[in-house]
Amino acid sequence: MIEDKNQNRTSLNEIGEFKLIELLTRNFKIKHKSTIKGIGDDAAVIDPDQKQIVITTDLLVEGVHFDLSYVPLKHLGYKSVIVNLSDVYAMNAEATQITISIAVSNRFPLEALEELYAGVETAAKIYNVDVVGGDTTSSNSGLLISITAIGVINKGEEIYRNGAKPNDLLVVTGDLGGAYMGLQILEREKEVFKVNPNNQPDLDGYTYIIERQLKPEARKDIIKLLKDLGVKPTAMIDISDGLSSEILHLCMHSKVGCDIYENKIPLDPQVISTCEEFKIDSTTIALNGGEDYELLMTISQEDFPKIKANPNLTIIGHITEENAGANLITRAETKIPLQAQGWKNFNNSN
Ligand code: ADP
Ligand code: MG
């Protein structure tokens, strides 16, 4: 959060585009044999070896998707990769390559971009993907990052949003709302810092939720887990915009309804205590918070014995007929239609 005034600053104008690309990409190593040609030519060449290719892109814009006053560039690089990989895993695919394109204003020195790329490199290493290309250009103001992730999947193993059937179980991984509450803490500390720059941020007791915001993970492990359990979900989506909006996507594409139970939504204790501190309803946050990058899936009742004892998978409800609508069953056992955003009517009841 505090800028280091002594850091080296090499102006981008000094080095030029060609040298910049070379410096940023020199550490990337090719790990997949499907990568025939990586960085260095007009285009990369990939050999999918009989498999189907999965492709997804995200564009992140400074001031819209991230705020550099509290997001370290290394974390931003890491997270930019994660948000894309999450979409690949949500198809039940294996992520294999990424490309990364950046537009930067000359307010960024080389060292800042090297930090960003250190984060990209770390994510690429941990998630075992090759960085095979990108583009570098200038921007008049902020920083833009666009990442494309490429993955492979055997024919017939892909999982879409449209396969959910009445009576299927609705299952989520991990816990929800942490990334949003982490953001609230960071925003609060930013305001404190503005008033008194000598104040060191007090982040003790919030480490889990701040990490959920700054260093999210994509659920590659769940793809393996499902394979190991011998479970193929009927539909799947990653939770980037909040549980509520993802459930509605899934129901719309599958032409079904659902009942989810408020008391089943998985929350970390730190999310609950921080919501209490901010006097906001934790269910609202879990439903609308976003950026948790967990997976939401529907699983056939027949597979219940295979998933029931698994701590990674929480059953939060079930699929119903389309005309029943998508509903939340509250702790008080009232039925409330799920809304994509806001869900304001419930804001004040704790
Ligand atoms: P072109 O003029 O054909 O677009 P570039 O000079 O932009 O070629 O890129 C040269 C090589 O470097 C290409 O392989 C490209 O994919 C890669 N590349 C360019 N910019 C980046 C970047 N920001 N990150 C990773 N790879 C990059
Ligand atoms: Mg180019």
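### Some remarks on the pattern of salt bridges
At step 1: Taken as a whole and assessed by the stated rule, the structure comprises 17 salt bridges.
At step 2: Among the ionic pairs, Glu-114 bridges to Arg-26, the shortest N-O distance being 3.1 Å. With Glu-114 in helix H3 (residues 110–126) and Arg-26 in the loop between helix H1 (12–25) and strand S1 (35–37), this pair connects stretches of sequence that are 88 residues apart.
At step 3: Asp-228 is paired through a salt bridge with Lys-224; the nearest N and O atoms lie 2.8 Å apart. With Asp-228 and Lys-224 both in helix H6 (residues 220–229) and 4 residues apart, this pair spans about one turn of that helix.
At step 4: Judged by its relative accessible area of 55%, Asp-228 is exposed.
At step 5: Three or more residues joined by partner-sharing salt bridges are found here, namely Arg-212, Arg-219, Asp-221, Asp-292 and Glu-294.

### So, the state of the cysteines
At step 1: Counted by the stated rule, this structure contains 0 disulfides.
At step 2: Its sulfur unpaired, Cys-258 is 3.9 Å from the next cysteine sulfur, which belongs to Cys-251.
At step 3: Relative accessible area serves as the criterion here: at 0%, Cys-258 is assigned to the buried category.

### Here's the deal with the environment of Ile-39
At step 1: Inspection of the secondary structure assignment puts Ile-39 in the loop between S1 and strand S2 (45–46).
At step 2: On a C-alpha basis, the gap between Ile-39 and Thr-25 in space is 8.0 Å, while along the polypeptide they are 14 residues apart.
At step 3: For Ile-39, the residues in contact, after removing those within four places along its chain, are Thr-25, Phe-28, Val-131, Val-132 and Gly-133.

### Points about the site of ligand 1
At step 1: In the vicinity of ligand 1 there are 13 residues, among which Gly-40, Tyr-117, Gly-133, Gly-134 and Thr-136 approach most closely.
At step 2: A distance of 3.1 Å separates an oxygen atom of ligand 1 from a polar backbone atom of Asp-41.
At step 3: Every element with two or more residues in the shell around ligand 1 is listed here: H1, strand S4 (94–104) and strand S5 (130–138).
At step 4: Grouping the constituent residues of the shell around ligand 1 by class yields 5 nonpolar, 5 polar and 3 charged.

### Focus: the domain arrangement of the protein
At step 1: According to the domain assignment, the protein contains domain 1 (2–153) and domain 2 (169–349).
At step 2: Put simply, the middle of domain 1 and the middle of domain 2, counted by C-alpha atoms, are 27 Å apart.
At step 3: Taken together, the contact between domain 1 and domain 2 spans 20 residues of the former and 22 residues of the latter.
At step 4: Regarding the contact of domain 1 and domain 2, the summed buried area is about 2,000 Å², with carbon and sulfur atoms giving 60% of it.

Parameters at a glance
Residues numbered from 1 in each chain as written. Chains lettered and ligands numbered in written order. Predicted model: local features only at pLDDT ≥ 70, side-chain atom pairs only at ≥ 80, totals over all residues. Heavy atoms only, no water. Salt bridge = Lys/Arg side-chain N within 4 Å of Asp/Glu carboxyl O. Helix = DSSP H or I, 4+ residues; strand = E, 2+ residues; numbered from the N terminus. Buried < 20%, exposed > 50% of the residue type's maximum accessible area, 1.4 Å probe, protein only. Disulfide = S-S within 2.5 Å. Contact = heavy atoms within 4.5 Å. Near = heavy atom within 4 Å. Polar contact = N/O pair within 3.5 Å; in protein donor to acceptor, adjacent residues only side chain to side chain. Nonpolar A, V, L, I, M, F, W, Y, C, P; charged D, E, K, R; others polar. Domains from an automatic or database assignment. Buried area = accessible area lost by both parts, 1.4 Å probe.

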